[in-house]
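# Analysis of the macromolecular model
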Amino acid sequence: MKLPTAREMRALDNSAITDFDIPGIVLMENAGLGTVKMMEQQCGSCRDTFAVVFVGPGNNGGDGLVIGRHLHQRGCKPILFFLVKPDSLKGDAAVNLKITQKLKLPFHIIVTADQVEAVPLLLNQYETERGRCYAVIDAIFGTGLTRKVEGHFAHIIDLINRDNFARKSPVISVDTPSGLDSDTGDILGNCVRADFTAAYCCAKPGQFIHNGPTHTGKLEIIDIGIPEEVIHKAHIRIELSTRSRFKKIAATLVRKNNSHKGSHGHLLVIGGSPGKTGAAILAGMGALRTGAGLVSLFAPRNLNTVYETSLFEAMTIPLEASRDFFHYDDCDLILDKIRGKQAVVIGPGLGTDESTRQLVLHIYHDAECPLIIDADALNLLSFSQNEIRAPAGPRIFTPHPGELSRLIALSSKEIQGNRLEAAHIGCHFFKNSNYDIIFILKGAETLIVTGSGSTSINTTGNPGMATGGMGDVLSGVIGAFICQGMSSHNAAVSAVFLHGRAGDDLYAKTGIGYSATDLASRIPVTLKNLMGS
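Residues numbered from 1 in each chain as written. Predicted model: local features only at pLDDT ≥ 70, side-chain atom pairs only at ≥ 80, totals over all residues. Heavy atoms only, no water.

## With respect to the overall build of the protein
- Each helix and strand counted, the protein has 21 helices and 17 strands in total.
- Principal axes of the C-alpha set define a box for the protein whose edges measure 85 × 50 × 45 Å.
- Counting over 533 residues, the protein shows a buried share of 57%.
- Sequence separation of 24 or more characterises 74% of the internal contacts of the protein that already satisfy a separation of 6 or more.
- Here the protein contributes 51 positively and 52 negatively charged side chains, and the mean placements of these two sets differ by 5 Å. (Helix = DSSP H or I, 4+ residues; strand = E, 2+ residues; numbered from the N terminus. Buried < 20%, exposed > 50% of the residue type's maximum accessible area, 1.4 Å probe, protein only. Contact = heavy atoms within 4.5 Å. Lys, Arg positive; Asp, Glu negative; His and termini not counted. Charge placed at Lys NZ, Arg CZ, Asp CG, Glu CD.)

## Looking at the nonpolar core
- Counting residues in each nonpolar core, the largest one holds 71 residues, and the members touching the most others are Phe54, Leu71, Ile137 and Ile156.
- Not counting residues up to four positions away in its chain, the partners in contact with Ile156 are Phe54, Leu83, Ile110, Val116, Val119 and Ile140.
- Core analysis: the second largest hydrophobic core is formed by 54 residues, Leu282, Val345, Ile478 and Cys483 among them. (Core = buried A, V, L, I, M, F, W, Y, C linked by side-chain atoms within 4.5 Å.)

## Quick notes on unusual backbone geometry
- Although it is not a glycine, Ala409 adopts a positive phi angle of roughly 60°.
- Even without being a glycine, Glu445 presents a positive backbone phi close to 55°.
- Take Glu445: it is sitting in the loop between strand S15 (437–441) and strand S16 (447–450).

## Side note on the sheet that holds strand S17 (residues 455–457)
- Taken in spatial order, the ten strands of this open sheet run S8-S17-S16-S15-S14-S13-S12-S9-S10-S11, and their pairing is mixed. Each of the sheet's edge strands pairs with one partner strand only, and the pair in question is strand S8 (238–240) and strand S11 (315–318). Pairs of neighbouring strands in the sheet enclose a mean axial angle of 20°, with direction left out of account.
- Two strands pair when backbone bridges link them, and strand S9 (residues 266–270) and strand S10 (residues 294–299) are joined in this way by five bridges, in the parallel orientation. (Pairing = 2+ DSSP bridges. Axes fitted to C-alpha atoms, helices over the stretch in contact; angles between N-to-C directions.)

## What about the side chain of His264?
- Mapped onto the elements, His264 comes out in the loop between helix H10 (243–250) and S9.
- A distance of 3.4 Å separates polar atoms of two side chains, one belonging to His264 and the other to Arg255. (Polar contact = N/O pair within 3.5 Å; in protein donor to acceptor, adjacent residues only side chain to side chain.)

## Topic: the environment of Asn432
- Relative to the elements of secondary structure, Asn432 occurs in the loop between helix H18 (419–430) and S15.
- For the pair Asn432 and Ala377, spaced 55 residues apart in the sequence, the C-alpha separation amounts to 19 Å.
- Apart from residues lying up to four places away in sequence, Asn432 is in contact with Ala390, Pro391 and Ile437.

## As for helix H13 (residues 331–338)
- Taken together, the buried positions of H13 are occupied by Cys331, Ile334, Leu335 and Ile338. The arc that holds the buried residues of H13, viewed along the axis, is 95°, so those residues lie on one side.
- Structurally, H13 contributes buried residues whose contacts are with S9, S10, strand S12 (343–346) and helix H14 (354–366).
- Positive phi appears at Gly340, one or two residues downstream of H13, with a value of about 90°. (Arc of directions from axis to C-beta.)

Now the structure itself:
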């Protein structure tokens, strides 16, 4: 599912109007009528009720006027609250204003903070006359909002958000909740908390990230008549990760009857140190549960027995110079073993010894296969930024906000405030023209960003996954998908989706308290279910 930014959405509208001669007022009519049909499906019949429609400036207000007219035609009495002077409306919104005026739909003009206080009193009167309020329609601001919501607009939003406003009638936001930055999910001063959002043509990125999900409510996409050809040629770079997308990518995992372990790749894991051997073992477990043909763990000499007795299906590669921590003197041996392998996970439980830092930097530069960089490997690279040069192969970074903050010198709070921008900054810093550079910014609504600028927003996962070892398993899942023939980008997108869905399956069954080992063990069943019909 494509998620256009506000600028891209304007371009889609303009293309439909100029390239396909679809009048803008037709798009507005389709938007309003589609919203009313959605309301009937979700809220039932509106006959013999009244509805509150808050009309803002611009086309969003025009959409609200169309909604009011179609509610009127269905036996509902729409009450229009203009938050701007009606004669300030222009274009298609002004055309719809004239229609509502000729229909003599009741209206009130609210353009000061003092006038906002009169709204509850007016609603009480309408309740006495008409009974139940069917819905509250938020047609105040659309996707083009970039400034902070202030003045009487902010007061109206506060009013809409009151617990008992209009006796808890459902709040329907037009295209996007007013006050939400539709690109970033940031709150622009104040924002409507909608029960339903009718997104026109496409959902918007900000409805899935940051504060978006808690304010958007149930999202319904309304077909407003923009041709598919317009969307296809637009090259929209943000996409939602869905099951249908996963199935399309994962079709390459279907195995031939005569396949063998060598057909499904060999993943190497560079990780573990005293007290943190479990991280490397979990990465190996995640890879095996996801179908990697072979998994080998590099093992510092004193840790080899731990690995061999903890994950029987994996092989180990004992190291000579590395006793407890990975040592640079084993670099040539490690690079030699990497040659011919399909992917390497580096970082889980690795530690931050100086000799290990030198080793990580060398492998980052010289390994030709895809490298999944996690945990301490990310931290060690953050200590080495002045020494980093172009790598010899694709690189997939898997930071959580704290790890990313060390890589790009932004605070975790700043990163969480605009996760999309932060992920792109990280990707740009390590960008290389010859090979894929991919950043997976973990957390709620995990983001997958590529050096070419494409972005995927993940839709799976839950708070039960906020426990140690989950990221280690994810690294192994990514590596396993690459071993089975996926591109680095497809592996990253699919792994994050599968990993989160396995967590969702466990959360539905047990609630919180499941472990990273539980999740890894769940992956085969979840994968089978996702691949099914």
